[in-house]
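Observations on chain architecture
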Number of protein chains: 2
Amino acid sequence: MTIHPDHLLSFVALVQTGSVSGAAQSRFLTQPAMSNQLKRLQESVGMPLYRRKGRGVQLTGVGEDFYIHALKVQQSMQALNSFADELHGLQAGRIYLSASQTIAGSLLPAALVSFHQRYPQIEVFVDSLNSQQVFERMEHHDLGLVESPLPSSVPECCTVVHLGEDKLVAVMPKHHPLAVSSSITLAQLDAYPLIWREQGSGTRDILEREWLKATGKPPRIQLCMGGVSAVLESVRQGLGIGMVSQFCLPTGESMLTTRPLHPQLLRPMSLLQPSHTSPLAKKLVDFLVPYLKSRLYSNLP
Amino acid sequence: MTIHPDHLLSFVALVQTGSVSGAAQSRFLTQPAMSNQLKRLQESVGMPLYRRKGRGVQLTGVGEDFYIHALKVQQSMQALNSFADELHGLQAGRIYLSASQTIAGSLLPAALVSFHQRYPQIEVFVDSLNSQQVFERMEHHDLGLVESPLPSSVPECCTVVHLGEDKLVAVMPKHHPLAVSSSITLAQLDAYPLIWREQGSGTRDILEREWLKATGKPPRIQLCMGGVSAVLESVRQGLGIGMVSQFCLPTGESMLTTRPLHPQLLRPMSLLQPSHTSPLAKKLVDFLVPYLKSRLYSNLP
DNA sequence: CATCAAACATCATTATTTATGATGCCAGAA
DNA sequence: TTCTGGCATCATAAATAATGATGTTTGATG
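Here goes a summary of the coordinates provided. From a predicted model like this one, the values you see are computed outputs, not experimental measurements.

1. Thoughts on the nonpolar core
Among soluble globular proteins, nonpolar side chains are generally buried collectively. Ranked by size, the top nonpolar core spans 29 residues in total, and within it Leu108, Leu145, Leu163, Leu271, Leu284, Leu288 and Leu292 of chain B carry the most contacts. Looking at this core, the elements with two or more residues in it are β3 (93-100), α5 (101-105), α6 (107-118), β5 (143-146), β6 (158-173), β11 (266-274) and α11 (279-298) of chain B. With ten residues, the top contributor of residues to this core is α11 of chain B. By size, the runner-up hydrophobic cluster in this structure holds 27 residues, among which are Leu97, Leu108, Phe115 and Phe287 of chain A.

2. Points about the protein's contact with DNA strand C
Around DNA strand C sit 18 residues, and of these Val20, Ser21, Gln31 and Ser35 of chain A together with Thr30 of chain B come closest. The sugar and phosphate moieties of DNA strand C supply 66% of its atoms located within 4 Å of the protein. In this structure, Ser35 of chain A approaches DNA strand C through a side-chain N or O atom, which is 2.8 Å from a phosphate oxygen. In this structure, Thr30 of chain B approaches DNA strand C through a side-chain N or O atom, which is 2.6 Å from a phosphate oxygen. Elements that contribute at least two residues to the surface near DNA strand C include exactly α2 (20-26), α3 (31-45) and β1 (50-53) of chain A together with α3 (31-45) of chain B. Counted by class, the surface near DNA strand C contains six nonpolar, eight polar and four charged residues.

3. A word on the pairing of β5 of chain B
Residues and elements named next belong to chain B. Along β5, one buried face is formed by Leu143 and Leu145 and the opposite face, lined by Gly144 and Val146, is buried too. Pairing of β5 with β11 involves three bridges; the strand directions are antiparallel. Among the inter-strand pairings, Val146 is bridged to a residue of β11, identified as Ser270.

4. Quick word on the protein's contact with DNA strand D
Neighbouring residues of DNA strand D: 19 residues in total, closest Thr30 of chain A together with Val20, Ser21, Gln31 and Ser35 of chain B. Note that a phosphate oxygen of DNA strand D is positioned 2.4 Å from one of the side-chain N or O atoms of Ser21 of chain B. Contact between DNA strand D and Arg52 of chain B: a sugar or linking oxygen at 3.3 Å from a side-chain N or O atom of the residue. Residue assignment for the surface near DNA strand D shows that the elements contributing at least two residues are α3 of chain A together with α2 (20-26), α3 and β1 (50-53) of chain B. Its residues assigned to classes, the surface near DNA strand D comprises six nonpolar, eight polar and five charged.

5. Observations regarding the relation of the copies chain B and chain A
Superposition of chain B onto chain A requires a rotation of 180° combined with a translation of 0.2 Å along the rotation axis, giving an RMSD of 0.2 Å. Viewed as a symmetry operation, the transformation between the two copies matches a two-fold axis. A share of 93% of interface residues in chain B that are also interface residues in chain A marks the association as one of identical surfaces.

Here is what the cut-offs are and how they apply
- As a convention, each chain's residues are numbered from 1 in the sequence order in which they are written.
- The naming scheme follows written order: chains are lettered A onward, ligands numbered 1 onward.
- In keeping with the predicted nature of the model, local features appear solely for residues at pLDDT of at least 70, side-chain atom pairs appear and are counted solely at 80 or more, and the whole-chain, interface and lining totals rest on all residues.
- Excluding hydrogens and water, the side-chain figures rest on all heavy atoms present in the structure.
- Residues grouped as a nonpolar core are buried Ala, Val, Leu, Ile, Met, Phe, Trp, Tyr and Cys residues, joined through side-chain atoms within 4.5 Å.
- Three labels apply to residues, based on accessible area from a 1.4 Å probe with only protein chains included: buried if under 20% of the type maximum, exposed if over 50%, partly exposed otherwise in between.
- Helix and strand definitions here come from DSSP, where helices need a minimum of 4 consecutive H or I residues and strands a minimum of 2 consecutive E residues; each element is numbered from the N-terminal end.
- For each residue, the test is whether any non-hydrogen atom lies within 4 Å of the molecule or strand; if one does, the residue is near.
- In protein, a polar contact requires one atom able to donate a hydrogen and another able to accept it; more generally it is a pair of N or O atoms within 3.5 Å, and residues adjacent in sequence count only if both atoms are side-chain atoms.
- Gly counts as polar in this scheme, as do all residues outside two lists: the nonpolar Ala, Val, Leu, Ile, Met, Phe, Trp, Tyr, Cys and Pro, and the charged Asp, Glu, Lys and Arg.
- Should DSSP find at least two bridges between two strands, the strands are taken to pair.
- Copies are brought into register by a least-squares superposition over C-alpha atoms of residues with pLDDT of at least 70 in both.
- The contact definition used throughout considers only heavy atoms, calling two residues in contact when any of these lie within 4.5 Å.

Okay, structure coming up:
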């Protein structure tokens, strides 16, 4: 029957995003969880604080007043968190991060923008490498992000956090004949020109193996482009169909569409941190793990 | 890894009471629960905020600074709660409460003092009655407190909240010969002059029944006083041994001591609220239930 | 006007968190 | 030294919250 402070933070997020699902995203929760929190809050207050309104929600009169008070709580919480950060002397500094190409080019930029809003003084340097190189550099870098099965040679030097599964999809022009299918088999793809990644790419490795399993023969690789963006551009030009991580399409992409492969091709995505992480890097970990997990579970970019 | 707002409230309570167990009481938790919350808080902050010091704890330097911030959070939470209360127009008003004599004279005063600190404008009127009368008055009063088995005639009109078990004890002068025993049987008491409550008292009812069961004969009642305080004063005067609820001894009582009976005599203590409780009475319920429960479970006044 | 898509609520289940009671330990008082 | 009051730790039990699936409403689209 008492007001839970956590619910207040969710309510502030609701007001600031203007929608329940928006608030859920900003707090790294699912939409039902957020709905539940707000329901509980209103029960404990004893009055409705908002109503559904079109594509979002609108505050009631009471809700407006309530927000003023809730905001004070949220701000003093924020002040306290800043204070706690200062204790560790981590207002400013640098973090060196290695990530595989797919991650560095898709999920990571948006994540780091959010992180930078929260900690403007912390600089993050990203190296875009292939998975093997990421492992090698763990001794010199603070953090690593890979999307491949882990080699057995990692165990001692660093901790591994499993973030979720990355799914490979076929990417093609919006009006491509295959776009009518809801999912696509490798055998189907065989009839069309395909665009492959360069040799050494983890994405290409798994595709070659699965291709062999599915069709009984190695793929005939005619077009091969270095890097994800090169593949996408080739697809836009109508050169063929590409296969990339589900997260690789730029936001706002209007010419291309993706279809899931069948059966699904999944790769574990993991975060690597050295045994003795700096407080600075720990902050980034605390931020990235829930951020990336929520993106991976909901399969949304 | 994030700071939980709830933990902050516990930390503020720690500072204000000066001890872990004190903070636990003020938040109606057990001591291990409070210890755990404070441990988690310090883990998430990454630094110790206090150290054990004699009969309590002492803040570290960081703890002092941290408290300033935590206090701000607690105060804005408090402001928000006041606002929520105003929404229901319950800054002021009256609550009529019926309670059995034992409760009205022992647990309730301290509880209402705490309640009054929180809601100074709310007046609570207590009627001290016997259990049967409490049930009868539920139609006209807002709340009831009894410590007897419930009659079967209550079900429809009001909700019953079980609070815990009340234990009867023998009360005697500090240097009474029986005070050397750690617990006392009814058969032992038979050898001493006893002081009984008046007829109609729920406490006397259960004692008479149990006396018959334990000794095979009804008690010979020589001294009979009206009301708990009369019984206690008689004991102080050396007239005999009394039997009352464990909570009946005034705080700071220096002449008397109590010993548990064997086997234990327990009675359920319950709160009764009418079907449609006023928001005002609901506030009191929300306060009394955890308050009384924690007192009953820990068997402490 | 009918259909579609987006956003929120609800539900049953699972997972996580939290509190509890018992126990052990340490410091200060007798 | 022994005893007492207060805090930490532990295993277990209870309460709470999150999830994924599903149903419902609203605004947009053809």
